[in-house]
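Below are the chains, spelled out letter by letter.
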Amino acid sequence: MAAIGNLRYRPTRRLTQLYVGLALYGVSMALMIRSGLGLDPWDVFHQGLARQTGLTVGTVTIAVGAAVLLLWIPLRQRPGLGTVSNVVVIGLVLDATLALLPSDPGLPVRVGMLVVGIIANGAATGLYLGAALGAGPRDGLMTGYVARRPGRSIRLVRTVIEVAVLALGWLLGGTVGIGTVAYALAIGPLAQVFIPLFAVPAQPAPAAAELVSCTPQPAGETA
């Protein structure tokens, strides 16, 4: 992947891909919320906290993302443009999309929203991660913790964190249901499809270009 934060390499594609991905992520969250059939662990927490505070889900998503980002400081993680954009863009798009979606659709529409939301979430993940401009604050928290404690399994750490936020979100009134299970089963395979699909090709090594330019030319030929 391209180096994080190096916008000199394919900046137009990477910035476009980043913000399309983050916007699509916000739309996917709104679809799953409006389906009312269950959310992923962090969104169960966001929704539960929103119900307890009276804030919008998007506002809570931004606030939680900012709080998690502060936890990067003791882990000595360095956020990228994508990390900071993740905190702000997703929550804004989420609230805007919720305002446009029907508030009480029938069950067939809700099932459709859930399915489209999960697939869109996988595509969005591939888009913004493939831009290589920084992981989201929640993913960075997990990878940063494991980096500081090499003996720990990232899968175990992720499971513990997500079970904890899921349980807390459910206690706060967040929606846990068939959508929660469907997301857990589908997001891994979807990420395996979409992350390689949207990954920005690695930047060519400068040494290769220099080697070509410095190759001696046969007599009588010019470069």
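Residues numbered from 1 in each chain as written. Predicted model: local features only at pLDDT ≥ 70, side-chain atom pairs only at ≥ 80, totals over all residues. Heavy atoms only, no water.

A closer look at the overall build of the protein
Okay, so step 1: The helix and strand tally for the protein stands at ten helices and zero strands.
Okay, so step 2: Each helix and strand of the protein, ordered N terminal to C terminal, gives the series α-α-α-α-α-α-α-α-α-α.
Okay, so step 3: Relative to its 223 residues, the protein shows a buried fraction of 43%.
Okay, so step 4: Here the analysis covers contacts within the protein between residues at least 6 apart in sequence; of these, 80% occur between residues at least 24 apart.
Okay, so step 5: Looking at the protein as shown, the accessible area adds up to about 11,800 Å², and 69% of this sits on carbon and sulfur atoms. (Helix = DSSP H or I, 4+ residues; strand = E, 2+ residues; numbered from the N terminus. Buried < 20%, exposed > 50% of the residue type's maximum accessible area, 1.4 Å probe, protein only. Contact = heavy atoms within 4.5 Å. Areas by Shrake-Rupley, 256 points an atom, 1.4 Å probe, with all protein chains shown as cover.)

Remarks on unusual backbone geometry
Excluding glycine, most residues fall at negative phi; most peptide bonds, likewise, are trans.
Okay, so step 1: The residue Arg76 is not glycine, and still its phi comes out positive at about 60 degrees.
Okay, so step 2: Here Arg76 shows up in the loop between α4 (72–75) and α5 (81–100).
Okay, so step 3: Among the residues examined, Arg76 registers a relative accessible area of 64% and is labelled exposed.
Okay, so step 4: Although it is not a glycine, Ala132 sits at a positive phi angle of roughly 55 degrees.
Okay, so step 5: Position of Ala132 among the secondary structure elements: in the loop between α6 (107–130) and α7 (137–148).
Okay, so step 6: Residue Ala132 is classed as buried on the basis of its relative accessible area of 5%.

Brief notes about the layout of surface pockets
Okay, so step 1: There is about 1,100 Å³ of room inside the largest pocket.
Okay, so step 2: Listing elements by their share of the lining of the largest pocket, those giving two or more residues are α1 (11–35), α2 (41–53), α3 (57–70), α5, α6, α7, α8 (154–171) and α9 (178–198).
Okay, so step 3: A total of eight residues in the lining of the largest pocket trace back to one element, the largest contributor, which is α9.
Okay, so step 4: A per-class count over the lining of the largest pocket returns 20 nonpolar, eleven polar and seven charged. (1 Å grid on protein atoms, 1.4 Å probe; cavity = no way out; pocket = protein on both sides within 12 Å on 5 of 7 lines; lining within 4 Å. Points joined across faces, edges and corners; volume = space filled by probe spheres on them. Nonpolar A, V, L, I, M, F, W, Y, C, P; charged D, E, K, R; others polar.)

Thoughts on the side chain of Glu162
Okay, so step 1: Inspection of the secondary structure puts Glu162 in helix α8.
Okay, so step 2: Residues contacting Glu162, with those up to four places away along its chain left out, are Pro41, Trp42 and Met142.

A closer look at the confidence of the model for the protein
Okay, so step 1: For the protein, per-residue confidence averages 87 on the pLDDT scale, and residues scoring 70 or more make up 89% of the total.
Okay, so step 2: Throughout residues 208–212 the model reports pLDDT below 50, and contacts reaching past four residues in sequence, or to other chains, amount to zero contacts.
Okay, so step 3: Contacts of residues 219–223 to residues separated by more than four positions or lying in other chains number two contacts, the stretch itself having pLDDT below 50. (pLDDT = per-residue confidence, 0-100.)

Things to note about a nonpolar patch on the surface
Okay, so step 1: Together, Leu107, Val111, Val115 and Ile119 give the surface a local cluster of nonpolar side chains, amounting to about 320 Å² of exposed area.
Okay, so step 2: Turning to its location among the elements, Leu107 is positioned in helix α6. (Patch = residues over 30% accessible without salt bridge, like charges linked within 9 Å, V, L, I, M, F, W, Y side chains within 5 Å. Salt bridge = Lys/Arg side-chain N within 4 Å of Asp/Glu carboxyl O.)

Considering the environment of Gly38
Okay, so step 1: Counting through the fold element by element, Gly38 comes out in the loop between α1 and α2.
Okay, so step 2: Considered as a pair, Gly38 and Ile178 are 140 residues apart in the sequence and their alpha carbons are 5.8 Å apart.
Okay, so step 3: When sequence neighbours within four positions are dropped, the list of residues in contact with Gly38 reads Met32, Leu114, Thr175, Val176, Gly177, Gly179 and Thr180.

Describing the packing of α1 against α5
The axes of two packed helices give the description: the angle between them and the distance between them.
Okay, so step 1: As a packed pair, α1 and α5 sit with axes 8 Å apart at the nearest point and diverge in direction by 40 degrees. With respect to their mutual orientation, α1 and α5 come out oblique. The interaxial crossing formed by α1 with α5 has right-handed handedness. Residues Leu15, Leu18, Tyr19, Leu22, Ala23, Tyr25, Gly26, Val27, Met29, Ala30, Ile33 and Arg34 of α1 form the contact with α5, whose own contacting residues are Leu81, Gly82, Ser85, Asn86, Val89, Ile90, Val93, Leu94, Thr97 and Leu98.
Okay, so step 2: Split into classes, the residues belonging to the contact of α1 with α5 amount to 16 nonpolar, five polar and one charged. (Axes fitted to C-alpha atoms, helices over the stretch in contact; angles between N-to-C directions. Parallel < 35°, antiparallel > 145°, perpendicular 65-115°, else oblique. Left-handed = near helix turned anticlockwise from the far one by under 90°.)

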